[in-house]
Amino acid sequence: TKRDMPSIDPLRIVAKEMKFLTGNIRKLLGSGHPSLDRAAKYYTQAEGKHIRPLIVLLMSRATSLCPKAPHRQQATIQASAAINTSISPLSILSDFNPSADVESEPVSSDIDILPSQRRLAEITELIHTASLLHDDVIDHSVSRRGAPSANLEFGNKMAVLAGDFLLGRASVALARLRHAEVIELLATVIANLVEGEFMQLKNTARDEANPRWSEDTLTYYLQKTYLKTASLISKSCRAAALLGGADAHTVDAAYSYGKNLGLAFQLVDDMLDYTRSEAELGKPAGADLELGLATAPLLFAWKTFPELGALVGRKFSQEGDVTRARELVMQSDGIAQTRALAEDYANKAIDAISGFPDSEAKDGLIEMAVKTLQRKK
Ligand code: FPP
Ligand code: MG
Ligand code: MG
């Protein structure tokens with residue numbers, strides 16, 4: 001069910017914080033080695049959608065009005081000093097920008113978002129960008145965000161190393177939050193991303209030559225989708241609430257919002273791969289089948305057309321497989337079913353935060369769920 005919403009721009013609600021996002025991320029990525037510096041910062045040049053930091057900041061603001069946990073972790077309070085200290089020069093190459101500072105603007109007017117929560121927003125984007133650098137190598141992608149991919153621009157080796165560097169710097173920034181539970185959450189995300197990618201390489205749980213459709217097919221896909229996409233969004237929502245000292249009920253609600261939104265987001269992504277062109281997406285369209293991947297639209301089509309099993313089993317590798325699979329998806333209701341499932345999850349995300357006190361930030365989170373379904377790229 002679509003909710004009646006006044007038109008609201010989620011970006012405007014945390015515009016001040018978002019304005020400094022890319023600059024702060026680039027400061028975290030400074031390296032004394034010019035070509036590493038260039039490769040590491042490459043995906044920060046083209047404006048990404050910054051969906052994850054946006055959600056983290058909205059969640060931070062929305063949960064600031066929620067009940068607090070009885071005993072706030074002492075570490076949270078001590079953290080703010082460490083967040084702003086520059087990363088120590090382990091070697092000449094990693095000695096960068098000693099004045100790196102998240103407080104590049106006054107914060108008195110937005111007291112409800114903590115410096116640690118802003119740093120968390122940056123960390124989520126760093127982890128996401130690291131995964132894209134590696135993903136484009138794995139997927140042999142040639143374009144990203146409307147420009148040549150990093151692997152095309154710098155080669156696979158540099159792209160992989162740049163991704164590793166981002167993870168390293170994200171880990172340092174994370175450690176400086178001095179919040180063990182938050183560190184554990186985001187470290188788990190990094191492992192989850194890899195687990196999701198591994199599950200995707202297999203397509204189905206048993207990886208047979210001629211698999212049959214079963215209810216497990218969808219379960220496996222959703223588990224993979226959680227690990228690959230929803231883990232980062234959900235655990236960073238949870239971390240945002242924890243950093244703000246929210247009570248357990250709020251922390252769980254934040255997590256549930258992120259999990260359901262993340263699942264909706266990836267379902268829409270998998271649908272757009274079938275329905276949009278490369279020019280519209282800023283990255284190759286129809287890429288999933290070419291990569292041998294069976295995503296939601298195809299899995300739903302497979303239930304109607306069992307012959308797709310053989311194609312799934314050989315990862316659409318024979319001549320004509322991709323064309324045939326696409327035809328059958330288009331003849332089926334796979335795309336409509338994918339959209340319907342995405343809508344279910346988006347509604348669950350909205351329901352998860354229904355107990356939050358009314359605020360602009362809460363409306364922004366609701367609008368993010370609505371926009372997830374409407375997005376075209
Ligand atoms: C984009 O998916 C990729 C991901 C969401 C995660 C990929 C994860 C890895 C490569 C594991 C390594 C992880 C880290 C943290 C270094 P996609 O290929 O469906 O999306 P796209 O169309 O944007 O390329
Ligand atoms: Mg990819
Ligand atoms: Mg991929």
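Looking at the Cofactor (unreviewed entry) heading of the UniProt record, one finds this comment for the chain: "Mg(2+)". According to the UniProt record, the Sequence similarities (unreviewed entry) comment for the chain is "Belongs to the FPP/GGPP synthase family."

A. Inspection of the overall build of the chain at higher detail. Helix and strand counts for the chain come out as 19 helices and 2 strands. Expressed as a percentage of its 377 residues, the buried residues of the chain come to 44%. Sequence-distant contacts, at least 24 apart, represent 79% of the contacts inside the chain between residues at least 6 apart.

B. The arrangement of the environment of Lys27 in detail. By the element assignment, Lys27 lies in helix H3 (residues 21-28). Residue class for Lys27 comes out buried when judged on the 20 C-beta atoms lying within 10 Å of it. Taking the C-alpha atoms as reference points, Lys27 and Phe356, separated by 329 residues in sequence, lie 34 Å from one another.

C. Just the site of ligand 1, in detail. Ser131, His134, Asp135, Leu193 and Glu197 are the nearest of the 17 residues found near ligand 1. At the level of elements, helix H7 (115-138), helix H9 (156-175), helix H10 (180-202) and helix H11 (215-243) are the ones that each hand at least two residues to the shell around ligand 1. Top element by residues in the shell around ligand 1 is H7. It accounts for 6 residues. In the shell around ligand 1, the residues fall into 7 nonpolar, 5 polar and 5 charged.

D. Just the environment of Ala254, in detail. When you line up the elements, Ala254 lands in helix H12 (residues 248-275). Among the residues examined, Ala254 registers 32 C-beta atoms within 10 Å and is labelled buried. As for Ala254 and Phe316, which are separated by 62 residues in sequence, their C-alpha atoms are 39 Å apart. Excluding residues that lie within four positions of it along the chain, Ala254 makes contacts with Met59, Thr63, Cys237, Arg238, Ala240 and Ala241.

E. Examining H7 more closely. The end-to-end C-alpha separation of H7 is 35 Å, in line with the 34 Å expected for 24 residues at 1.5 Å each. Positive backbone phi, approximately 50°, marks His140, located one or two places after H7.

F. Quick peek at unusual backbone geometry. With phi around 50°, Arg145 is a residue other than glycine that occupies positive phi space. By the element assignment, Arg145 lies in the loop between strand S1 (143-144) and strand S2 (147-148). Judged by the 16 C-beta atoms lying within 10 Å of it, Arg145 falls in the partly exposed class. Even without being a glycine, Arg178 presents a positive backbone phi close to 55°. Among the secondary structure elements, Arg178 is positioned in the loop between H9 and H10. A tally of 20 C-beta atoms within 10 Å means that Arg178 is categorised as buried.

Calculation notes
- Residues numbered from 1 in each chain as written.
- Chains lettered and ligands numbered in written order.
- Predicted model: local features only at pLDDT ≥ 70, side-chain atom pairs only at ≥ 80, totals over all residues.
- UniProt positions renumbered as here; feature names shortened; annotations may be inferred.
- Helix = DSSP H or I, 4+ residues; strand = E, 2+ residues; numbered from the N terminus.
- Buried ≥ 20, exposed ≤ 12 C-beta atoms within 10 Å, placed from the backbone.
- Contact = placed C-beta atoms within 7 Å.
- Near = placed C-beta within 6 Å.
- Nonpolar A, V, L, I, M, F, W, Y, C, P; charged D, E, K, R; others polar.
- Expected span 1.5 Å × (residues − 1).

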